[in-house]
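So you can see what is in the structure, the chains are spelled out below.
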Amino acid sequence: MTSRMVAGAVLGAALFFAGAALADDAPKLTELSPNGADVCFGRVYDAAHLKAHPHQKVARIFFYHGHDPVSRPNEEPSSMSDAAYNGFLTTTVRGAKKPEWAAGWCNKEDPSDKASGIRCGMECDRTLASLKVDDKGRLILSNVQRDVYLDAGAEEDLGKAKYNEPALGSEDDNFRLDPMPADTCKAEFARIDPIDPAIGAPLRERLKPDQPFCYGRDYDDAHLKSHPDQMTQSIRVFRGPIELASFAAGGDAANWSDGADIAISVTTSRKRPRLRRPIPARARPISGAARPAPR
């Protein structure tokens, strides 16, 4: 067996970074949050409602306006400032074990018009939803696109049958959501990718600026046999003498994990071992028809 070395910072960098994923100056919409606090709206549909609406896939739906409820404290801070997402939608369809989610920028369609509606846009000039608060303080969520969790043009790429499987149902629109505590939405978003308590604190807290480390795994024959498309036999992510010397020459001890050099060694079944090092460990932010009456 031979091997190949792949060195890259992105793989290990997410273990280090800290900071909130949304700037404190994210715009608040007074219609949704009169006092500027983060707000939550949601609804869990009962069996009777779902039976009466067979084309509605969504069983649970929550909308959160405010700071990012998905990112974690050990991820890289957002560089988007006041252009950051401020609207977050999560839904769980019938039979699903966990929710899907999407984020957008929510703003008044016409800031100069107090009666103007609110639109939440997404990348590629797509719409996440249109928002309106009724006289009882409930949030009406409309214009929810069936492909909100899919890439633009997914129907053309996948074909109608395969597109319909992950797409929302034809009755998944005009949702009427009740005001709920912000912690309720945070708990719902936490279901998307639950934190494993066995992992422990982020490495940026457990490791020291001048501390070497090595993490790795060697895959046995049984694992490789059950994963025939996996070429990797072993992997190491480490910080050794070269990386430590680089840091000592000009590193910032107070923010050592931001830009710390690491090395990654991957052994595969094709070529001789080769080592490239070091590489700055910087991650990139990961990321006319009639409608049914509100329900």
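Everything numeric here is computed off the predicted structure, so don't read it as measured data. (Residues numbered from 1 in each chain as written. Predicted model: local features only at pLDDT ≥ 70, side-chain atom pairs only at ≥ 80, totals over all residues. Heavy atoms only, no water.)

Peer 1: So what's going on with helix α5 (residues 182-190)? Which residues, and what values?
Peer 2: The set of residues buried in α5 consists of Cys 185, Glu 188 and Phe 189. Along the axis of α5, the buried residues cluster in a sector spanning 95°; they form a single face. On the buried face of α5, the contacting elements are β1 (39-44), β2 (58-65), β3 (87-93) and β4 (100-108). (Buried < 20%, exposed > 50% of the residue type's maximum accessible area, 1.4 Å probe, protein only. Helix = DSSP H or I, 4+ residues; strand = E, 2+ residues; numbered from the N terminus. Arc of directions from axis to C-beta. Contact = heavy atoms within 4.5 Å.)

Peer 1: Can you explain the pairing of strand β7 (residues 139-142)? Please cite residues and give values.
Peer 2: Side chains of β7 alternate between two faces, with Leu 139 and Leu 141 and Ile 140 and Ser 142 buried alike. Where strand β6 (residues 126-133) and β7 come together, four bridges link them in antiparallel fashion. Each bridged residue has a counterpart across the sheet, and for Val 133 the counterpart in β7 is Leu 139. Judged from the three bridges that link them, β7 and strand β8 (residues 175-180) form a sheet pairing that is antiparallel. (Pairing = 2+ DSSP bridges.)

Peer 1: How would you summarise the packing of aromatic side chains if you had to cite specific residues and measurements?
Peer 2: Throughout the structure, instances matching the rule amount to four aromatic pairs. An angle of 45° between the planes, with centres 4.8 Å apart, marks the rings of Tyr 85 and Trp 105 as tilted. Taken together, the positions of Tyr 85 in the loop between β2 and β3 and Trp 105 in strand β4 put the pair 20 residues apart, joining distant regions of the chain. According to the relative accessible area criterion, Tyr 85 is buried, its value standing at 17%. On the basis of relative accessible area, Trp 105 is assigned to the partly exposed category, the value being 24%. A ring pair is formed by Phe 213 and Tyr 215, whose centres lie 5.7 Å apart and whose planes are at 55°; its orientation type is tilted. On the basis of relative accessible area, Tyr 215 is assigned to the partly exposed category, the value being 39%. One residue, Arg 239, lies across the ring of Phe 247, its end atom 5.2 Å from the ring centre. (Phe/Tyr/Trp six-rings, centres within 6.5 Å; stacked < 30°, edge-to-face > 60°. Lys NZ or Arg CZ within 6 Å of the ring centre and 35° of its normal.)

Peer 1: Lay out the state of the cysteines in plain terms, naming residues and giving numbers.
Peer 2: Applying the stated criterion to the full structure yields two disulfides. Between the sulfur atoms of Cys 40 and its disulfide mate Cys 185 the distance is 2.0 Å. Judged by the torsion about the S-S bond (80°), the Cys 40/Cys 185 disulfide is right-handed. Taken as a pair, Cys 40 in strand β1 and Cys 185 in helix α5 lie far apart in primary sequence, 145 residues in all. (Disulfide = S-S within 2.5 Å.)

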